[in-house]
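In case you want the letters, here they are:
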Amino acid sequence: MPRLRRDETTSVRFTLNGEAVSRRADPRMLLSDFLRHECGATGTHVGCEHGVCGACTIRIDGTMARACLTLAVQVEGAEIETVEGLAPEPGRLSVLQDAFRRHHALQCGFCTAGILMSLDTLFSDEPEADEVRIRDVLGGHLCRCTGYEPIVRAALDAVSRLRSGKTNV
Amino acid sequence: MKPALFDYVRADSLDEALDVLAAEQGDARVLAGGQSLLPMLSMRLARPRVVVDIGRIPGLDVIEAAKDVLVVPAGLRQATLLVHPGLERSHPLLAAALPWVGHAQTRARGTVCGSVAHADPSGELPLCLVALGGSVRLASKRGRRSVDAREFFTGLMSTDRREDEMIEALAFPGAKREAGYAFREFGRRHGDFAIVSVAAIVTAVAIEISVGGVNDVPARRVWPRLDGSALDDALNTLAWELDARDDIHADQRLRRDLVRSLGRSTIAEASRCLA
């Protein structure tokens, strides 16, 4: 039972989008800040910092999670996935990302990273997810540009393409 | 919005966590899923000297089901309970209320015991525990005790938990035969804090109604099988008895209206389940 003192940093080892990384964090560092400031993964956005807006949503060990409601020291040994890991390779988009572009499911893009992580997790957990499930999961996000309808259309398009076996574009 | 400085202890066993709680004399907070504690830390409504992480303690996420009572341990996440096999039959009220607890993204991390320890007046899980007559199992270096849920919640985010204790588990009694269960909630957005939430249990002879989001603690009443205008009158009296307040989300009048209308529809739904 090691005790990490408030003014000490410790090494936190985990995998970020499949790559093993190790960075130092003090006890109070939020995972959202850790990803952005220590790992340089600025795709994860920071909005409300109390779990309401959803902008910082990422995947921890396969489940969706708010990075701002997690301490960096909690994810020792965990598998972290962020929006940077969605595209199959530079210059190509995932099916979901491509649907967002075609349906104008983003304007300013601030909320987009978190919404993509939630929907990507939903579609991998529940390939048969319907509009009710999509709206349920979207309920955990705030978007102040789109009015949500284009996001729902993009999500429905993406899930139907994924079901019919379309791969990333 | 960053937490104040604190020491961090990752406990390897329940005993270790209880050691820290005993040593810190009330200046330690338990971190399980973090979905209630992290906002409190970030907003600096909580500034503990030590945070004790119980997330790595083995076995703290194994549900026990004994004699219809569901024993939910400290590490069990809300999303895990939601998909617990047979929950809809054994605990229909929990199955109906859990989808209203936070968002899918917070249920994936948040624990059932953590929500009860946090004791937010709008929390669905404290409401269910009170409605079902469940109990809270507390552990400390001094020993263990069990507190009736109806005595556990003592005020706004305050409970009967002593400074050196932590919630080890919750006991949710199973559904009674010959009873109908229903849960309804009104909020500005699904998953936001409840403005009013209602749990109803209806049997052949009685109506039990529990209301969250209005008072500092869940309020419960037991009535005979009222119907028609007698039920309206009882709900109206309840709406006025609960000391509703104005806040940024809703004024007193809306809350009273919701107690009457949600109360009526939730009782009707529970009655249909009974029939």
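Residues numbered from 1 in each chain as written. Chains lettered and ligands numbered in written order. Predicted model: local features only at pLDDT ≥ 70, side-chain atom pairs only at ≥ 80, totals over all residues. Heavy atoms only, no water.

Caption draft 1: Region of interest: the overall build of chain A. What chain A contains, in helices and strands, is five helices and six strands. Starting at the N terminus, the α and β elements of chain A follow one another as β-β-β-α-β-β-β-α-α-α-α. Summarising its shape, the C-alpha atoms of chain A cover approximately 50 × 30 × 25 Å along the three principal directions. Looking at chain A residue by residue over its 169 residues, the buried ones come to 51%. (Helix = DSSP H or I, 4+ residues; strand = E, 2+ residues; numbered from the N terminus. Buried < 20%, exposed > 50% of the residue type's maximum accessible area, 1.4 Å probe, protein only.)

Caption draft 2: Summary view of the pattern of salt bridges. Scanning the entire structure with this criterion turns up 33 salt bridges over all chains. Where Asp7(B) meets Arg3(A), a salt bridge forms, and the shortest distance between an N and an O atom there is 3.2 Å. In this pair, Asp7(B) sits in strand β1 (residues 7–10) while Arg3(A) sits in strand β1 (residues 3–4), so the two residues belong to two different chains. Since its relative accessible area comes to 37%, Arg3(A) is described here as partly exposed. Here Arg133(A) makes a salt bridge to Asp136(A), at a shortest N to O gap of 2.8 Å. (Salt bridge = Lys/Arg side-chain N within 4 Å of Asp/Glu carboxyl O.)

Caption draft 3: Layout of the nonpolar core. Counting 37 residues, the largest nonpolar core has Leu81(B), Val116(B), Leu170(B) and Phe172(B) as its most contacted members. Ranked by the residues each element gives to this core, the list is headed by helix α8 (residues 124–132) of chain B, at seven residues. Each of two domains, domain 2 (64–172) and domain 3 (182–274) of chain B, supplies a minimum of three residues to this core. With residues up to four places along the chain from it excluded, the contact list for Val116(B) reads Leu125(B), Pro126(B), Leu129(B), Val136(B), Phe152(B), Phe153(B), Thr159(B), Ile167(B) and Leu170(B). Counting 35 residues, the second largest nonpolar core, distinct from the first, contains Ala25(A), Leu30(A), Leu31(A) and Cys39(A). (Core = buried A, V, L, I, M, F, W, Y, C linked by side-chain atoms within 4.5 Å. Domains from an automatic or database assignment. Contact = heavy atoms within 4.5 Å.)

Caption draft 4: Geometry of the environment of Arg161(B). Residue and element names in this part refer to chain B. Its place among the elements puts Arg161 in the loop between β9 (158–159) and β10 (166–172). Through-space distance from the C-alpha of Arg161 to that of Ser122 is 19 Å; in sequence the pair is 39 residues apart. Within polar-contact distance, the side chain of Arg161 engages the backbone oxygen of Glu165 at 2.6 Å. (Polar contact = N/O pair within 3.5 Å; in protein donor to acceptor, adjacent residues only side chain to side chain.)

Caption draft 5: The arrangement of the side chain of Glu124(B) in detail. Inspection of the secondary structure puts Glu124(B) in helix α8. With no salt bridge to any partner, buried Glu124(B) finds its closest opposite charge in Arg107(B), at an N-O distance of 8.2 Å. (Lys, Arg positive; Asp, Glu negative; His and termini not counted.)

Caption draft 6: The arrangement of the sheet that holds β10(B) in detail. Residue and element names in this part refer to chain B. The strand order across the open sheet formed by five strands is β4-β5-β10-β6-β7, and the pairing between neighbours is antiparallel. The two strands at the open ends of the sheet, each matched to only one other strand, are β4 (64–66) and β7 (143–148). In this sheet, adjacent strand axes meet at a mean angle of 20° when their direction is disregarded. Where strand β6 (residues 135–140) lies against β10, five bridges are found, and the strand directions are antiparallel. Within β10, the position partnered with Leu138 by the bridge is Ile167. Packing against the sheet, helix α1 (residues 14–24) makes contact with β6, β7 and β10, and its axis sits at approximately 120° to β10. (Pairing = 2+ DSSP bridges. Axes fitted to C-alpha atoms, helices over the stretch in contact; angles between N-to-C directions.)

Caption draft 7: The arrangement of the state of the cysteines in detail. Residue and element names in this part refer to chain A. Enumeration according to the criterion identifies zero disulfides over all chains in this entry. With no disulfide partner, Cys68 has as its closest neighbouring cysteine sulfur the one in Cys56, 3.7 Å distant. Looking at Cys68, the relative accessible area reads 2%, which means it is buried. (Disulfide = S-S within 2.5 Å.)

Caption draft 8: Spotlight on the domain arrangement of chain A. Residue and element names in this part refer to chain A. Splitting chain A by domain gives domain 1 (10–85) and domain 2 (95–163). Computed over C-alpha atoms only, the centres of domain 1 and domain 2 are separated by 21 Å. On the domain 2 side, the residues contacting the 17 residues of domain 1 number 15 residues. A buried area of about 1,200 Å², summed over both sides, lies between domain 1 and domain 2, and 60% of it is on carbon and sulfur atoms. It is Arg59, Met64 and Val83 that lose the most area in domain 1 upon contact with domain 2, and together they represent 40% of the buried surface on that side. At the boundary of domain 1 and domain 2, one finds one salt bridge. In this structure, Asp120 engages Arg59 in a salt bridge whose closest nitrogen and oxygen atoms are separated by 3.0 Å. Where domain 1 packs against domain 2, one counts six residue pairs in polar contact (both at pLDDT 80 or more). At the level of elements, β4 (57–60) and β5 (63–66) are the ones that each hand at least two residues to the side of domain 1 that touches domain 2. (Buried area = accessible area lost by both parts, 1.4 Å probe.)

Caption draft 9: Summary view of the interface of chain A and chain B. Of the residues lining the interface, 36 residues belong to chain A; the matching set on chain B comes to 38 residues. Among the salt bridges present, the one from Glu49(A) reaches Lys2(B), with a minimum N-O distance of 2.5 Å. The tally of links between chain A and chain B comes to 19 residue pairs in polar contact (both at pLDDT 80 or more). Sorting the residues of the side of chain A that touches chain B by element identifies β1, β4, β5 and α4 (131–138) of chain A as the ones contributing at least two each. With four residues, the top contributor of residues to the side of chain A that touches chain B is β5(A). Looking at the side of chain A that touches chain B residue by residue, the class counts come to 17 nonpolar, ten polar and nine charged. In this sheet, β1(B) lies alongside β1(A) in antiparallel orientation, the contact comprising two bridges. Its bridge partner lying in β1(B), Leu4(A) is registered against Tyr8(B). (Nonpolar A, V, L, I, M, F, W, Y, C, P; charged D, E, K, R; others polar.)

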